[in-house]
Amino acid sequence: MAEPTEILSLKAVRKAYNVGTPIETEVLHGIDLSLRAGEFAALVGPSGSGKSTLLHLIGLLERPTSGEIHIGGERIGALDEAGLTRLRGRSLGFVFQFHHLLPGFSALENVMMPSLIERGRYDAAMRRRAEWLVARVGLAGAMHKKPSELSGGMQQRVAVARALAGNPPLVLADEPTGNLDTHTADEIFTLMRDFNREEGTAFLIVTHDPRLAARCDRSIELVDGRLYAGQAT
Ligand SMILES: Nc1ncnc2c1ncn2[C@@H]1O[C@H](COP(=O)(O)OP(=O)(O)OP(=O)(O)O)[C@@H](O)[C@H]1O
């Protein structure tokens, strides 16, 4: 059973891909990692070290080949696909390098979308939360604009607001500033940091930017599919 303050726990997690039967490549070799509620952590490492693979496992988008993952105390190995979808909707928010906003919908509608999909119905509280978030990321005046009418930085602000819409205890961000200039990257990073402090949301942020990693509480380093010594907890 995971510790109550742990939002995430990985024990001996391995991931191998079949790259043509019977050839298997192991990408992650026994990862032990835990993240506490409210932590703000960077996930760093060279290209190909397995960062995205690890994030996909934690994001419940893929299953580990072996080992155990707990999210919010729930053991994911025990869940079927419906259970994984429910846990993902309730516990996780996502920010990607490319915002992945839906082009036909306004900023506000994009922010409401995950809650709408998860709950299967519209409600006023959901809209109030989304309006508050869009204003909080500095886009009160652009709430009804479509993504194509917004700059790259503004689009990523909407993506951050969308990740927070369901009040998840953990947000996973895969190179969230990788497509932005330094100034805009700093702004987006600061925004995530503010949410971390204001709402107690934990963040796990994949970044290649050492400046941003240094601004996190903790840097978790992957090298060749293993956590660098001393990074385990
Ligand atoms: N679906 C897959 N099938 C086979 N191999 C894969 C698959 N996904 C990833 N890999 C391999 O796993 C290794 C780790 O990839 P991953 O994308 O997780 O690394 P990364 O640290 O995120 O790299 P980058 O910083 O370049 O994004 C790479 O060698 C990659 O080729």
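Definitions and limits used
- Residues numbered from 1 in each chain as written.
- Predicted model: local features only at pLDDT ≥ 70, side-chain atom pairs only at ≥ 80, totals over all residues.
- UniProt positions renumbered as here; feature names shortened; annotations may be inferred.
- Helix = DSSP H or I, 4+ residues; strand = E, 2+ residues; numbered from the N terminus.
- Rg over C-alpha atoms; globule rule 2.2 N^0.38 Å.
- Contact = placed C-beta atoms within 7 Å.
- Near = placed C-beta within 6 Å.
- Nonpolar A, V, L, I, M, F, W, Y, C, P; charged D, E, K, R; others polar.
- Pairing = 2+ DSSP bridges.
- Core = buried A, V, L, I, M, F, W, Y, C linked by C-beta atoms within 7 Å.
- Buried ≥ 20, exposed ≤ 12 C-beta atoms within 10 Å, placed from the backbone.
- pLDDT = per-residue confidence, 0-100.
- Arc of directions from axis to C-beta.
- Axes fitted to C-alpha atoms, helices over the stretch in contact; angles between N-to-C directions.
- Parallel < 35°, antiparallel > 145°, perpendicular 65-115°, else oblique.
- Left-handed = near helix turned anticlockwise from the far one by under 90°.

The chain carries the name Lipoprotein-releasing system ATP-binding protein in an unreviewed UniProt entry, which gives Sulfuritortus calidifontis as its organism. Comment text from UniProt for the chain, heading Sequence similarities (unreviewed entry), reads "Belongs to the ABC transporter superfamily. Macrolide exporter (TC 3.A.1.122) family."

(A) Just the overall build of the chain, in detail. A count of helical and extended segments in the chain gives seven helices and 10 strands. Computed over its C-alpha atoms, the radius of gyration of the chain comes to 18 Å, within 12% of the 17 Å expected for a compact globule of 233 residues. For the C-alpha atoms alone, the extent of the chain along its principal axes is close to 50 × 40 × 40 Å. A fraction of 71% describes how many contacts in the chain between residues 6 or more apart in sequence connect residues 24 or more apart.

(B) Examining the site of the ligand more closely. Inspection of the region around the ligand gives Y17, V19, T25, V27, G45, S47, G48, S49, G50, K51, S52 and T53 as its neighbouring residues. Among the secondary structure elements, those contributing two or more residues to the shell around the ligand are β2 (24-36) and α1 (51-58). Among the elements that line the shell around the ligand, the one with the most residues is α1, at three residues. A breakdown of the residues in the shell around the ligand according to their chemical character gives three nonpolar, eight polar and one charged.

(C) How the structure looks around the sheet that holds strand β7 (residues 170-174). Read across the open sheet, the six strands follow the order β6-β7-β8-β3-β9-β10; overall the sheet is mixed. Every other strand in the sheet has two partners, leaving β6 (92-95) and β10 (226-227) as the edge strands with one partner each. Where strand β3 (residues 40-44) and strand β9 (residues 218-223) come together, four bridges link them in parallel fashion. If you follow A42 over to β9, its bridge partner there is S219.

(D) Looking closely at the nonpolar core. Residues L43 and V111 are the most contacted members of the largest nonpolar core, which totals 58 residues. Looking at which element gives the most residues to this core, the answer is helix α5 (residues 152-164), with six residues. Discounting chain neighbours no more than four positions away, the residues touching V111 are A130, L133, V134, V158, A161, R162 and A165.

(E) Representation of the sheet that holds strand β4 (residues 66-71) within the structure. One open sheet accounts for four strands, arranged β2-β1-β4-β5; its pairing is antiparallel. What marks the edges here is a single partner per strand, and that holds for β2 and β5 (74-75). Here two bridges tie β4 to β5, and the two strands are oriented antiparallel to one another. Bridge pairing links I71 to E74 in β5.

(F) Region of interest: the confidence of the model for the chain. The pLDDT averaged across the chain works out to 91; a share of 96% of its residues lies at or above 70. Considering each helix and strand of the chain separately, the mean pLDDT is smallest for helix α3 (residues 107-119), with a value of 87, and largest for strand β8 (residues 202-206), with 97. Two summary scores accompany this predicted model of the complex, namely pTM at 0.92 and ipTM at 0.95.

(G) Just α1, in detail. Taken as a whole, α1 has its buried residues at K51, L54, L55, L57 and I58. Angularly, the buried residues of α1 cover 160° about the axis, an arc narrow enough to put them on a single face. After α1 finishes, the residue L60 shows a positive phi value of roughly 65°.

(H) Structural detail: the pairing of β9. Of the strand pairs in this sheet, β9 and β10 are connected by two bridges, and their pairing is antiparallel. When the bridges of β10 are listed, V223 appears paired with R226.

(I) Representation of the pairing of β3. Burial runs high along β3: five of the five residues are buried. The side-chain alternation of β3 yields two buried faces, one formed by F40, A42 and V44 and the other by A41 and L43. Note: β3 against β8, four bridges, orientation parallel. Its bridge partner lying in β8, F40 is registered against F203.

(J) View of the packing of α3 against helix α4 (residues 124-136). Put simply, α3 and α4 touch, their axes get as near as 9 Å, and they point 135° apart. Taken as axis vectors, α3 and α4 run oblique relative to one another. Regarding α3 and α4, the two cross each other, and that crossing is right-handed. Between α3 and α4, the contacting residues are A107, L108, V111, M112, S115 and L116 on the first element and M126, R127, A130, E131, L133 and V134 on the second. Of the residues assigned to the contact of α3 with α4, the class counts are nine nonpolar, one polar and two charged.

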